[in-house]
Each structure stands twice: as C-alpha cells, then as structure tokens.
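# Examination of the molecular architecture
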Amino acid sequence: MSFGRLRSILPSTAARSSDGHLVVGGCDVVKLVERFGTPLMVMDRTTIESHAAKIIAEVGDASRVFYAGKSFICVAMCQLIDGLGMGLDVCSGGELETALRAGFPGDRIIFHGNNKSADELEVARAANVGRIVVDSFDEIHRLAGSEMSTKLLVRITPGVEAQTHQYVRTGGEDSKFGFALADGVALDAVRRVLEVPGCTFAGLHAHIGSQIFDLGGFDLAIKRISDFAAHVLDELGAQVTEVNMGGGFGIQYVEWEDPLPLQEVARGIAQDVKKEFKKRSLQEPDVFLEPGRSIAGSAGLTVYTIGTVKERAGGRKFASVDGGMSDNVRPALYGSSHEALLANRVDAKDDGIISIAGKHCESGDVIIPDAKLPANLSVGDLVCVTATGAYNYSMASNYNRTPRPPVILVADGNATEIVRRETIEDILALDVPLPR
Ligand SMILES: Cc1ncc(COP(=O)(O)O)c(C=O)c1O
C-alpha cells in the first residue's frame, strides 16, 4: 500500500481520510483538486517550518540560516521565511525583487551569483542587502565602483567533488563558481575584496553541491577552508569571522534512500567548522548555512490527472498526466527519481509498474519511468508525485506553451493559493505580433 510505503517521503502532516484520500496539512487533496484543478502543487507549511526549526536549533540563530530561495521562491514563501526570523539566499535580481516585494529585510539577505550585473548590484545597494558573496574579479571591480556598504564573503571552490550528480556539483576546481584555492587565486580575491571601499570582508563561502548524502565532502571542504582562513590571516592579517558552508543536504526522494537526519548534518557542519578553526588557533567564526532542498523538498507534492493509459507491445504501461517536464524538469535534466501514489486511492495495492509520462512533445518527458502504482489505475485517477517542493516550480517553464500550475500552501485544514495558476493569456501577453 503506497501510503505506508511512502510515509517517510510525504510531508509530515500527510494522513489518509476515511474514504482513502490523501490528506496534507489537514486538507483532502481530492477536494483541493476539485477547487484548484490539476496539475496542482501543494506545499505543506508545517513541514517547511519543522525542517527549518531543526537546522536553526543546531546553528543557534535563525538569522544564520539563509533559506536558499532558488529551491522555491515566491512572495508568500519569503514572508513565511521572514516570519521564522531566517535569512534568505537570493541568486538573481528576480529573486531579490521577490524578497523585497515581500518586505524581507535587506540585512537578512545574502546575494549570490557568478554574474551579478551592475543593475542587480544597484538594487542590492538600495535595499541595504546585508551580505554579498563575491564570485569573480570582475564583480570585485563592479563592487569597488558601486558605493556599496555591505559585508562581503569570498566564494571559494575547495576542490571537493561532492558525491552527487555532476550538474549539481559546485565545489570542484573547474566549477564556474567562486575562486579556486589553487594558484593563490582565492588569496588574491580576498586581498582585492579588502580594498573595496565602504565594504567589509566578513569571511568565506563554499557550497560544494546539492543532494549530498555523504558528509565526507563537507569534512574535506571545512578542512580546506580552515587552512585557507589561517593563510588569509598570515598573509593579509585579515580575520575570517564568518564561514558559510552553503546547503546541499540530501533528502529522501525514493523508498531506498536514507539520508542522515537534518539535525545531525547541521550539527556536524557547525561543530566541525568551529573545531577546525580552533585547531589552527583561529578566532571562532559564526557559522552560516544555506539549505534549500532540505527545507522545501519534501514539503511539496504535485498532483496530476491521468488523461490516457497505454500499453506497449513490450508490456510497458504508460499513464500520461496533464503536466510533466514543464513543472518538473529534474528527471529529464538530472535523471532524478521520484515516487508517486494515487491521491484518490492511497490504500490501493501498488501492484503495477507504470511509467508516468508527461504531456510534452519529448520522449524524455517521463516523470517516473517505473512507478509502483495500482495496476488498475485509469483515466481520471489523481497521481501525486512526492517531494516536488524544491527545484520544481522554481525551474518550471512554459514548454509547449504550457501554463504553470498554481501553488497552494496548506496548514491546519486551510488552503491558501500562494501562486495562482498561469493562463494562456499570461503567456500570450508577452507576444508581439508582426504588423499586418
Ligand atoms: C550557493 C548555494 N547555496 C545554497 C544552495 C542550496 O542547496 P540545496 O537546495 O541543495 O540545499 C545552492 C544550490 O545549488 C547554492 O548554489
């Protein structure tokens, strides 16, 4: 039975109703579908808050946990994160403007990106953004001319290959992000950051990748950052007072995955940084983290309606749904995996292996190639794909001119639409016809 099998992947408030429907945040998902239609994204507020609380408890101060907005951001999400007293990591002008629209305080925002434009930096300056993670020499040049007054962190690539998909590894020497420790490049970056007028060098940043299960990569990165902090002090006389180890904590997407508890990961990293600095007789730094997926991922579900069911000669059964790679590009982009259950029949035996296909004009648009689902599923059943809260809506596109789904925040039996459904009119509004 899918509900029991997938319990640990579902949002923490997931339950089943007496008539066999999936319930999340006290809301019957079938009723949500009647109200909002499909495809539908549902985010469980309690799960978001409890994940955040686990990390904050280990870091010791909510403002040192920057929620990584790239995983899922909209005005309401920024308001929710602000309400928890957390910081917010933005990596583009669009994310920054979203935060500002939500009234998110600038001093709790950290701004990333390997190509921040002069215009984006100007928005950051006007909003008094608290921290900027410096990523290139060109950016240092731009900052020097920006009249900015903020804390600067230097992003380093510690030469660590995290055990994850190559597209979400960011800590290797040939990454597009940050400054390599090799050849004195990072030291040169710190030297130049120290000279940026009006700004303060606060410390170092490293984010080694995403969906990481093995903490070995973090251990090594922390050792290298600590060595480098000692080098910075020796060579430049500058103290590293802040160390930001990014995010990347792996979550469970499929039945067999067994990530370390979030508290353990956050505690391990925070303690390790302090221990390694102490070993080198360095002043204890403030430790910052930037979790995205581990806060939003398993809080989210995507509900689709099955429109066609087809059996191929080789025996493969396809159930095609009314969304796909436009609302969840991760399987096509990273080969990533998901589980699914039927929201209208959570207790049905999952005795079939079904390919859940999207409706887009791409053979690769298959959300789950081999989902365990009831063999008798049929047109009209509601397929609920689990753990879609992170990097789904935020990476959504209008491929095949498909409007993006709405996002519904559920809590205590209330459903609040926090992103409305896009319409074809929204899409067409950007088109400029040729003059006749
Ligand atoms: C700099 C930085 N910080 C934080 C994150 C969040 O990572 P995750 O969502 O895996 O926690 C990312 C994601 O790629 C990132 O690039």
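Conventions and cut-offs
- Residues numbered from 1 in each chain as written.
- Predicted model: local features only at pLDDT ≥ 70, side-chain atom pairs only at ≥ 80, totals over all residues.
- Heavy atoms only, no water.
- Helix = DSSP H or I, 4+ residues; strand = E, 2+ residues; numbered from the N terminus.
- Rg over C-alpha atoms; globule rule 2.2 N^0.38 Å.
- Buried < 20%, exposed > 50% of the residue type's maximum accessible area, 1.4 Å probe, protein only.
- Contact = heavy atoms within 4.5 Å.
- Areas by Shrake-Rupley, 256 points an atom, 1.4 Å probe, with all protein chains shown as cover.
- Phe/Tyr/Trp six-rings, centres within 6.5 Å; stacked < 30°, edge-to-face > 60°.
- Lys NZ or Arg CZ within 6 Å of the ring centre and 35° of its normal.
- Pairing = 2+ DSSP bridges.
- Right-handed = clockwise from strand over helix to strand, strands pointing away.
- Near = heavy atom within 4 Å.
- Polar contact = N/O pair within 3.5 Å; in protein donor to acceptor, adjacent residues only side chain to side chain.
- Axes fitted to C-alpha atoms, helices over the stretch in contact; angles between N-to-C directions.
- Parallel < 35°, antiparallel > 145°, perpendicular 65-115°, else oblique.
- Left-handed = near helix turned anticlockwise from the far one by under 90°.
- Nonpolar A, V, L, I, M, F, W, Y, C, P; charged D, E, K, R; others polar.

What follows covers the overall build of the chain. A tally of regular secondary structure across the chain gives 13 helices and 21 strands. In terms of overall size, the chain behaves like a compact globule, its C-alpha atoms giving a radius of gyration of 23 Å where 436 residues would be expected to give roughly 22 Å. The dimensions of the chain, computed from C-alpha atoms along their principal axes, are 70 × 60 × 45 Å. In the chain, which comprises 436 residues, the proportion classed as buried is 57%. Within the chain, residue pairs in contact and separated by at least 24 positions form 67% of the contacts whose partners lie at least 6 positions apart. Of the roughly 17800 Å² that the chain leaves accessible, carbon and sulfur atoms contribute 48%.

As a further point, take the packing of aromatic side chains. Evaluated as defined, the whole model comprises 4 aromatic pairs. Judged by centre distance (5.0 Å) and plane angle (65 degrees), the ring pair of Phe137 and Phe179 falls under edge-to-face. With Phe137 in helix α7 (residues 137-144) and Phe179 in strand β10 (residues 179-180), this residue pair connects regions lying 42 residues apart in the sequence. Phe179 sits in the buried class, given a relative accessible area of 3%. Relative to Phe249, the ring of Phe218 lies with its centre 5.8 Å away and its plane at 55 degrees, an arrangement referred to as tilted. On the criterion of sequence distance, the pair formed by Phe218 in helix α9 (residues 216-236) and Phe249 in the loop between β12 (242-244) and α10 (262-279) is long-range, its members being 31 residues apart. Take Phe218: its relative accessible area is 1%, and that puts it in the buried class. Over the ring of Phe104 we find Arg108, and its NZ or CZ is 5.3 Å from the ring centre. Directly above the aromatic system of Phe111 lies the positively charged group of Lys116, at a separation of 5.9 Å from the ring centroid.

Moving on to the pairing of strand β9 (residues 151-157). Buried residues dominate β9, accounting for 6 of its 7 residues. Bridging between strand β8 (residues 131-134) and β9 involves 4 bridges; their strand directions are parallel. Along β9, the bridge assignment pairs Arg131 with Lys151. For the handedness criterion, the β-α-β arrangement of β8, α7 and β9 is classed as right-handed. Two elements, β9 and strand β11 (residues 200-205), share 5 bridges in a ladder whose sense is parallel. Directly across from Leu153, in β11, lies its bridge partner Gly203. Here 2 bridges tie β9 to β10, and the two strands are oriented parallel to one another. Residue Ile156 lies in a different strand from β10, and its bridge partner there is Phe179.

Okay, the sheet that holds strand β1 (residues 15-16) next. With antiparallel pairing, 3 strands are arranged side by side in an open sheet as β1-β2-β3. Looking along the sheet, the strands with just one partner apiece sit at the ends: β1 and β3 (27-28). As paired strands, β1 and strand β2 (residues 22-24) are joined by 2 bridges and run antiparallel to one another. Residue pairing in the sheet places Ala15 in a bridge with Val23 of β2.

This part takes up the site of the ligand. Lining the immediate environment of the ligand, one finds 15 residues, of which Ser210, Gly248, Glu290, Arg293 and Tyr391 sit closest. One of the side-chain N or O atoms of Ser210 is found 2.3 Å from an oxygen atom in the ligand. Measuring from an oxygen atom of the ligand, one finds a backbone N or O atom of Gly248 at 2.8 Å. When the ligand is considered free in solution it has 390 Å² of accessible area, and contact with the protein chains removes 92% of it.

This part covers the environment of Leu430. By the element assignment, Leu430 lies in the segment after α13 (424-428). A relative accessible area of 71% means that Leu430 is categorised as exposed.

Time to look at the side chain of Asn328. Along the polypeptide, Asn328 turns up in the loop between β15 (317-321) and α12 (330-334). Here the side chain of Asn328 touches Arg330 through a polar contact of 3.2 Å, landing on its backbone nitrogen. Within polar-contact distance, the side chain of Asn328 engages the side chain of Asn392 at 3.2 Å. Discounting chain neighbours no more than four positions away, the residues touching Asn328 are Tyr304, His338, Ile367, Thr388 and Asn392.

Now for the packing of helix α3 (residues 45-59) against α10. In contact at an axis separation of 8 Å, α3 and α10 are set at 30 degrees when each is read in the N-to-C sense. As the angle between them shows, α3 and α10 are arranged roughly parallel. Judged by the sense of rotation from one axis to the other, the crossing of α3 with α10 is right-handed. Between α3 and α10, the residues in contact are His51, Lys54, Ile55 and Glu58 and Leu262, Gln263, Ala266, Arg267 and Ala270, respectively. Taken together, the residues that form the contact of α3 with α10 break down as 4 nonpolar, 2 polar and 3 charged.

Quick look at the packing of helix α5 (residues 93-101) against helix α6 (residues 118-126) now. Where α5 meets α6, the closest approach of the two axes is 10 Å, and the angle between their N-to-C directions is 25 degrees. Overall, the two elements α5 and α6 adopt an arrangement that is roughly parallel. Judged by the sense of rotation from one axis to the other, the crossing of α5 with α6 is left-handed. Across the interface between the two elements, Gly93, Leu96, Glu97 and Leu100 of α5 pack against Glu120, Val123 and Ala124 of α6.

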